[in-house]
Amino acid sequence: MNSDLEKVLLHEISIFKHMEIRCRCGDTCIKPISEALKDIELFYKPCNDCKTEKIRKFSPLAEQINLDEIDNDFGSCKCGKRQLDIVMSHVLKVMIDEGIKDKKANLRNACVPLVTPGYPINSVPYLPEDSLVILSNEVDKRCAETIVKEVGEVKGVLKGDIRQTVGIKDSDSNPHVYELLAGCDLRCDIIQTPYGTLGIYKYQHEIHIEFPKVESPKIEILKNALKDYDRPTVFDCTCGPGTLGIASLKAGAHKVVFNDIWNPAIETTLINLEANGFPVKLPGSEGELIASGDKFEVYSMDIRELANCLDEKFDICIIDTFPGVDTTEFVEAAGKLGKKVVVI
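Residues numbered from 1 in each chain as written. Predicted model: local features only at pLDDT ≥ 70, side-chain atom pairs only at ≥ 80, totals over all residues. Heavy atoms only, no water.

Colleague: What is the right way to read the overall build of the protein from this model?
Modeller: When helices and strands are tallied, the protein shows 9 helices and 14 strands. Based on the C-alpha atoms only, the size of the protein along its principal axes is roughly 65 × 40 × 35 Å. Sorting the 344 residues of the protein into buried and exposed places 53% on the buried side. Pairs at least 24 apart in sequence give 64% of the contacts found in the protein among residues at least 6 apart. Of the accessible surface of the protein, which amounts to about 16100 Å², a share of 46% is contributed by carbon and sulfur atoms. Positive and negative side-chain charges in the protein, numbering 42 and 55 respectively, have mean positions lying 4 Å apart. (Helix = DSSP H or I, 4+ residues; strand = E, 2+ residues; numbered from the N terminus. Buried < 20%, exposed > 50% of the residue type's maximum accessible area, 1.4 Å probe, protein only. Contact = heavy atoms within 4.5 Å. Areas by Shrake-Rupley, 256 points an atom, 1.4 Å probe, with all protein chains shown as cover. Lys, Arg positive; Asp, Glu negative; His and termini not counted. Charge placed at Lys NZ, Arg CZ, Asp CG, Glu CD.)

Colleague: Explain the pattern of salt bridges to me, please; I cannot follow it from the model alone.
Modeller: Pairing is possible between side chains of opposite charge, provided their charged atoms come close. Tallying each qualifying case throughout the model produces 22 salt bridges. Note that Arg-24 is salt-bridged to Glu-206, the shortest N-O span being 2.8 Å. Of the two residues, Arg-24 sits in the loop between helix 1 (3-17) and helix 2 (33-36) while Glu-206 sits in the loop between strand 8 (198-203) and helix 5 (217-226), which places them 182 residues apart along the sequence. One salt bridge in this structure joins Lys-339 and Asp-315, with 3.3 Å as the shortest N-O distance. With Lys-339 in strand 14 (residues 338-343) and Asp-315 in strand 13 (residues 314-319), this residue pair connects regions lying 24 residues apart in the sequence. Its relative accessible area of 13% is what places Asp-315 among the buried residues. Linked through salt bridges whose partners overlap, the residues forming this network are Arg-187, Asp-189, Lys-202, Glu-210, Lys-218 and Asp-320. (Salt bridge = Lys/Arg side-chain N within 4 Å of Asp/Glu carboxyl O.)

Colleague: Can you walk me through the packing of aromatic side chains in this structure?
Modeller: Geometrically, a pair of aromatic rings is defined through the distance of the ring centres and the angle of the planes. Summed over all chains, the structure comprises 3 aromatic pairs. On the numbers, 4.8 Å between centres and 85° between planes, the contact of Phe-43 with Tyr-44 is edge-to-face. By relative accessible area, Phe-43 is classed as partly exposed at 27%. Judged by relative accessible area, Tyr-44 falls into the buried class, the value being 4%. Positioned above the aromatic ring of Tyr-203, the side-chain terminus of Arg-24 is 3.8 Å from the ring centre. (Phe/Tyr/Trp six-rings, centres within 6.5 Å; stacked < 30°, edge-to-face > 60°. Lys NZ or Arg CZ within 6 Å of the ring centre and 35° of its normal.)

Colleague: What's the story with the packing of helix 5 against helix 6 (residues 243-250) in this structure? I'm lost.
Modeller: One can describe the packing of helix 5 onto helix 6 by two numbers: an axis separation of 11 Å at closest approach and a directional angle of 45°. The orientation of helix 5 relative to helix 6 falls into the category oblique. Helix 5 and helix 6 meet at a crossing whose hand is right-handed. Residues Lys-218, Ile-219, Leu-222 and Leu-226 of helix 5 lie in contact with helix 6, whose contacting residues are Leu-244, Ala-247 and Ser-248. Within the contact of helix 5 with helix 6, the residues separate by chemical class into 5 nonpolar, 1 polar and 1 charged. (Axes fitted to C-alpha atoms, helices over the stretch in contact; angles between N-to-C directions. Parallel < 35°, antiparallel > 145°, perpendicular 65-115°, else oblique. Left-handed = near helix turned anticlockwise from the far one by under 90°. Nonpolar A, V, L, I, M, F, W, Y, C, P; charged D, E, K, R; others polar.)

Colleague: It is not clear to me how the packing of helix 3 (residues 84-97) against helix 4 (residues 141-150) should be interpreted in this structure. Could you clarify?
Modeller: Contact geometry for helix 3 and helix 4: axes closest at 10 Å, N-to-C directions at 140°. Once helix 3 is placed against helix 4, the crossing between them reads as right-handed. Residues His-90, Val-91, Val-94 and Met-95 of helix 3 lie in contact with helix 4, whose contacting residues are Cys-143, Thr-146, Ile-147 and Glu-150. Here the contact of helix 3 with helix 4 is composed, by residue class, of 5 nonpolar, 2 polar and 1 charged.

Colleague: Would you mind showing me how to read unusual backbone geometry here?
Modeller: Excluding glycine, a negative phi dihedral is what most residues carry, and trans is how most peptide bonds are arranged. Cis rather than trans, the peptide bond between Thr-116 and Pro-117 has omega equal to 5°. Structurally, the position occupied by Pro-117 is in the loop between strand 2 (112-115) and strand 3 (126-127). Within the chain, Asp-39 stands out as a residue other than glycine whose phi angle is a positive 55°. Looking at the element boundaries, Asp-39 is found in the loop between helix 2 and strand 1 (82-83). With a relative accessible area of 60%, Asp-39 lands in the exposed category. The backbone phi angle of Asp-130 is positive, close to 55°, even though this residue is not glycine. Tracing the sequence through the fold places Asp-130 in the loop between strand 3 and strand 4 (132-136).

Colleague: Hey, could you run me through a nonpolar patch on the surface in this one?
Modeller: There is a patch of nonpolar side chains on the surface, built from Val-331, Val-341 and Val-343 and spanning about 180 Å² of accessible area. Within the element layout of this structure, Val-343 appears in strand 14. (Patch = residues over 30% accessible without salt bridge, like charges linked within 9 Å, V, L, I, M, F, W, Y side chains within 5 Å.)

Colleague: Honestly, the pairing of strand 11 (residues 289-293) in this entry has me stumped. Any pointers?
Modeller: In terms of burial, strand 11 is a largely internal element, 4 of the 5 residues being buried. Pairing analysis gives 4 bridges linking strand 11 to strand 12 (residues 296-299), with the strands arranged antiparallel. Across the sheet, residue Gly-293 finds its bridge partner in strand 12, namely Phe-296. A loop of 2 residues connects strand 11 with strand 12, the two strands running antiparallel in sequence, and Lys-295 in this loop sits at a positive phi of about 75°. (Pairing = 2+ DSSP bridges.)

Colleague: Got a minute to help me understand the nonpolar core in this structure?
Modeller: Across soluble globular proteins, nonpolar side chains have a tendency to be buried as a group. Counting 47 residues, the largest nonpolar core has Val-91, Leu-132, Ile-134, Ile-147, Val-154 and Tyr-201 as the members making the most contacts within it. Put simply, the parts of the chain that give this core at least two residues each are helix 3, strand 4, helix 4, strand 5 (154-159), strand 6 (179-183), strand 7 (186-191), strand 8 and helix 7 (263-275). The contacts of Ile-147, once residues within four sequence positions are left out, are Val-91, Val-94, Met-95, Ile-134, Val-139, Val-154 and Val-157. Membership of the second largest hydrophobic core comes to 29 residues, among which are Ala-225, Ile-246, Leu-270 and Phe-278. (Core = buried A, V, L, I, M, F, W, Y, C linked by side-chain atoms within 4.5 Å.)

Colleague: Help me understand the confidence of the model for the protein in this model?
Modeller: Atom-level detail of predicted coordinates should not be read off regions where pLDDT is low. Across the protein, pLDDT averages 91, with 93% of residues at or above 70. Predicted confidence for residues 11-20 stays below pLDDT 50, and this span has 20 contacts to residues more than four positions away or in other chains. (pLDDT = per-residue confidence, 0-100.)

Below, the structure is given as structure tokens:
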């Protein structure tokens, strides 16, 4: 096992064993999903006293609001929440003050808001403290630090282009990550499945962004693949943060093998296994096996190499790569290990 990865994993798993569930920032950002789901439907709902600002997203903010009036009290409510558009106005005001944006800037071109937990709702969310990570390709470190300091709802600021996918395609490719400029970028996406609700944690500068939907297309494809089996064995070949493999465990799979060549994906997979109620144990010795638990194993290898290491045949092999990636070699490698290969 890679020594740096092993140190990280030993730390991350120990936080669960000692019930001190702390993330890299040192705070209690990581919680068991059963706890994170409590009152989730009310998390972004306004109270009767919450304020609403009608801000036109394509019109310059400075033409609609006196920027000098925008601070943490602007649009605030005694319940501790502010409407997303109000929070984004506060962020944009800081960016204008710092010279990142000019006074013609509007909310539409300010930055990308990533709420946490990511939970699909049908209206504009009202945000409590530390419930937003923002992504911008223009922001600098000083501006990012000011945003985290002055805008209570923002817990982290990333520099990057949302059009560029974070992660690594295969062992022949170079990885791409966003830059964490300030705060903490750990987010949790809430994902509905027929087998129960999942919470998937991600350090967002290292793991690709997905926006949760009421019905996830990936989960629907997985459901169709699982329906022909009672207790299948599943190989999640490119597991990312572990979503599809954990859903398979929740569905009653006999065994699931998780694999991803990207070390940050494996780190978050182990966090998400623990957080969703599947205790993890590390092997305690060098070897291909990263970790294991009741009914699952975790590896971190190129699938084309792992196919030569696993001496077993799976009922289902799942391949979930980045958009635009040629899956031919992945399918060929998975075909050596699985009876049914599902490309998502």
